[in-house]
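Here is what each chain is made of, one letter per residue.
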Amino acid sequence: MEKIEYKDLLDAGVHFGHLTRKWNPKIAPYVFMERNGIHIIDLNKTLVCLDDAANAMKQIVKSGRKIMFVATKKQAQEVVTEEAKRLRMPFVTDRWLGGMMTNFATIRKSLRKMTSIDKLTKEEAYQNLAKRERLMLTREREKLEKVLGGIADLTRLPAALFVVDIRREHIAIKEAQKLNIPVIGIVDTNSDPNEVQYPIPANDDAYKSIALIVKYMGKAVEEGLIERKQQKEDAKLKEEEDQKKQADENEELEGKESGSDQ
């Protein structure tokens, strides 16, 4: 995977933090300096954190598990939705429903309801419903799709969360902490980096900064998926070779036994 450069971060404005009066003192190790009343993030530390986070995400998907992308702020919704869909990973970009992970069984019921509405619309009985009933079902389906569409294929809890703006998504992070699910998160100067296992100190308000980091993480996930596919193919090939070798050995043994019988 092509490494992200210092200049890329600089060009995207990743180094711009919040006003100094809005800072969280726990972010101090990642702050380089103060300029015009704004904290400047140390991009050298951001580069190190990015590599750690990217490697963690790669290993998780390589082991066949899922990472849930969470970003409900306007600047991040589009790019996160695009990347998550491209990688076939679950995502939440509308709003986080309380209990989405800690009360996953209830969420699964809502997902099953969405699926049952989909099935019903394809059946003849749907056409026989009154216009008002059809409209109510359509509206309910749209409402469920808006909030739960990104996790429709999720059958079990994700192995990790990737979060844009950990302060905004504090409910999701608290649920992850309860369930011991690791969190990879973009952490601005107004947030506490200790709340997540893999903090990425960066500007979480500017679109260019968010997009650069999200796409870089996306590449790490993609690489993990490719390596997992390759591992499966290699294992299958080895299995076929072993079976062929065993078959050849059995055939040779049978040939020797029939020769000795004569």
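Residues numbered from 1 in each chain as written. Predicted model: local features only at pLDDT ≥ 70, side-chain atom pairs only at ≥ 80, totals over all residues. Heavy atoms only, no water.

**As for helix H2 (residues 43-62)**
- Helix length check: H2, at 20 residues, gives a terminal C-alpha distance of 28 Å against a target of 28 Å (1.5 Å per residue), a fit within 8%.
- For H2, every residue scored as buried is listed here: Leu43, Thr46, Leu47, Cys49, Leu50, Ala53, Ala54, Ala56, Met57, Lys58, Ile60 and Val61.
- For H2, the N-terminal cap is Asp42; the gap from its side-chain oxygen to the backbone nitrogen of Asn44 is 3.1 Å.
- Downstream of H2 by a residue or two, Gly64 has a phi angle that is positive, lying close to 90°. (Helix = DSSP H or I, 4+ residues; strand = E, 2+ residues; numbered from the N terminus. Expected span 1.5 Å × (residues − 1). Buried < 20%, exposed > 50% of the residue type's maximum accessible area, 1.4 Å probe, protein only. Polar contact = N/O pair within 3.5 Å; in protein donor to acceptor, adjacent residues only side chain to side chain.)

**Comments concerning the pattern of salt bridges**
- A complete count under the given rule lists 14 salt bridges for this structure.
- For the salt bridge of Glu227 with Lys58, the shortest nitrogen-to-oxygen distance reads 3.0 Å. Here Lys58 lies in helix H2 and Glu227 lies in helix H8 (residues 207-261), a separation of 169 residues in the sequence.
- Note that Lys113 and Glu140 form a salt bridge whose closest N and O atoms lie 2.6 Å from each other. With a gap of 27 residues between them, Lys113 in helix H4 (residues 104-121) and Glu140 in helix H6 (residues 131-148) connect regions that are remote in the sequence.
- Judged by its relative accessible area of 42%, Lys113 falls in the partly exposed class. (Salt bridge = Lys/Arg side-chain N within 4 Å of Asp/Glu carboxyl O.)

**Quick notes on the packing of aromatic side chains**
- One pass over the full model with this rule turns up 1 aromatic pair.
- Considering the side-chain rings of Phe69 and Phe162, the 5.5 Å spacing of their centres and the 65° angle between planes classify their relative orientation as edge-to-face. Taken together, the positions of Phe69 in strand E4 (residues 67-70) and Phe162 in strand E6 (residues 160-164) put the pair 93 residues apart, joining distant regions of the chain.
- The exposure class of Phe69 is buried, given its relative accessible area of 0%. (Phe/Tyr/Trp six-rings, centres within 6.5 Å; stacked < 30°, edge-to-face > 60°.)

**Notes on the packing of H4 against H6**
- Two numbers describe how H4 lies on H6: the axes approach to 10 Å, and their chain directions differ by 135°. In terms of orientation, H4 lies oblique with respect to H6. In this structure, the crossing between H4 and H6 has a hand that is left-handed. Contacts between H4 and H6 involve Ile107, Ser110, Leu111, Lys113, Met114, Ile117, Asp118 and Leu120 from the former and Leu137, Glu140, Arg141, Leu144, Glu145 and Leu148 from the latter. (Axes fitted to C-alpha atoms, helices over the stretch in contact; angles between N-to-C directions. Parallel < 35°, antiparallel > 145°, perpendicular 65-115°, else oblique. Left-handed = near helix turned anticlockwise from the far one by under 90°. Contact = heavy atoms within 4.5 Å.)

**Details of the sheet that holds strand E2 (residues 31-35)**
- If you walk across this open sheet you meet the 3 strands as E1-E3-E2, and the pairing is antiparallel. One side of each edge strand has no neighbouring strand; the edge strands of this open sheet are strand E1 (16-19) and E2. Strand-to-strand, the axes of this sheet are offset by a mean angle of 30°, without reference to chain direction.
- Across 4 bridges, E2 lies against strand E3 (residues 38-41) in antiparallel orientation. Directly across from Met33, in E3, lies its bridge partner Ile40. (Pairing = 2+ DSSP bridges.)

**Some points on helix H3 (residues 74-87)**
- Spanning 14 residues, H3 covers 21 Å between terminal C-alpha atoms, matching the ideal 20 Å at 1.5 Å per step.
- Restricting attention to buried positions, one finds in H3 the residues Ala76, Val79, Val80, Thr81, Glu83, Ala84 and Leu87.

**Some details on the sheet that holds strand E8 (residues 198-201)**
- Read across the sheet, 5 strands follow the order E5-E4-E6-E7-E8 without closing on themselves; strand pairing throughout is parallel. Edge positions in the sheet fall to strand E5 (91-92) and E8, since each of these pairs with one other strand and no more.
- In terms of strand pairing, strand E7 (residues 183-187) meets E8 through 4 bridges, oriented parallel. Paired with Ile186 across the two strands is Ile200, which belongs to E8.

**A word on the side chain of Lys58**
- Here Lys58 falls in the buried class, since its relative accessible area comes to 15%.
- Apart from residues no more than four positions distant in its own chain, Lys58 is found in contact with Ala220, Glu223, Gly224 and Glu227.

**As for the side chain of Ser209**
- Following the sequence through the fold, Ser209 ends up in helix H8.
- Its relative accessible area of 0% is what places Ser209 among the buried residues.
- Discounting chain neighbours no more than four positions away, the residues touching Ser209 are Ala12, Gly13, Val14, Ala202 and Asn203.

**What to know about the layout of surface pockets**
- In this model, the largest pocket occupies a volume close to 540 Å³.
- Considering the residues around the largest pocket, the lining is formed by 28 residues, among which Met89, Pro90, Gly150, Ile151 and Ala152 are closest to the centre.
- The space that makes up the second largest pocket amounts to roughly 160 Å³.
- Around the second largest pocket, the lining residues are Val61, Gly64, Arg65, Lys66, Arg86, Leu87, Arg88, Met89, Leu225 and Arg228.
- Of all the elements in the fold, those that place two or more residues in the lining of the second largest pocket are H3 and H8.
- For the lining of the second largest pocket, the class distribution of residues is 4 nonpolar, 1 polar and 5 charged. (1 Å grid on protein atoms, 1.4 Å probe; cavity = no way out; pocket = protein on both sides within 12 Å on 5 of 7 lines; lining within 4 Å. Points joined across faces, edges and corners; volume = space filled by probe spheres on them. Nonpolar A, V, L, I, M, F, W, Y, C, P; charged D, E, K, R; others polar.)

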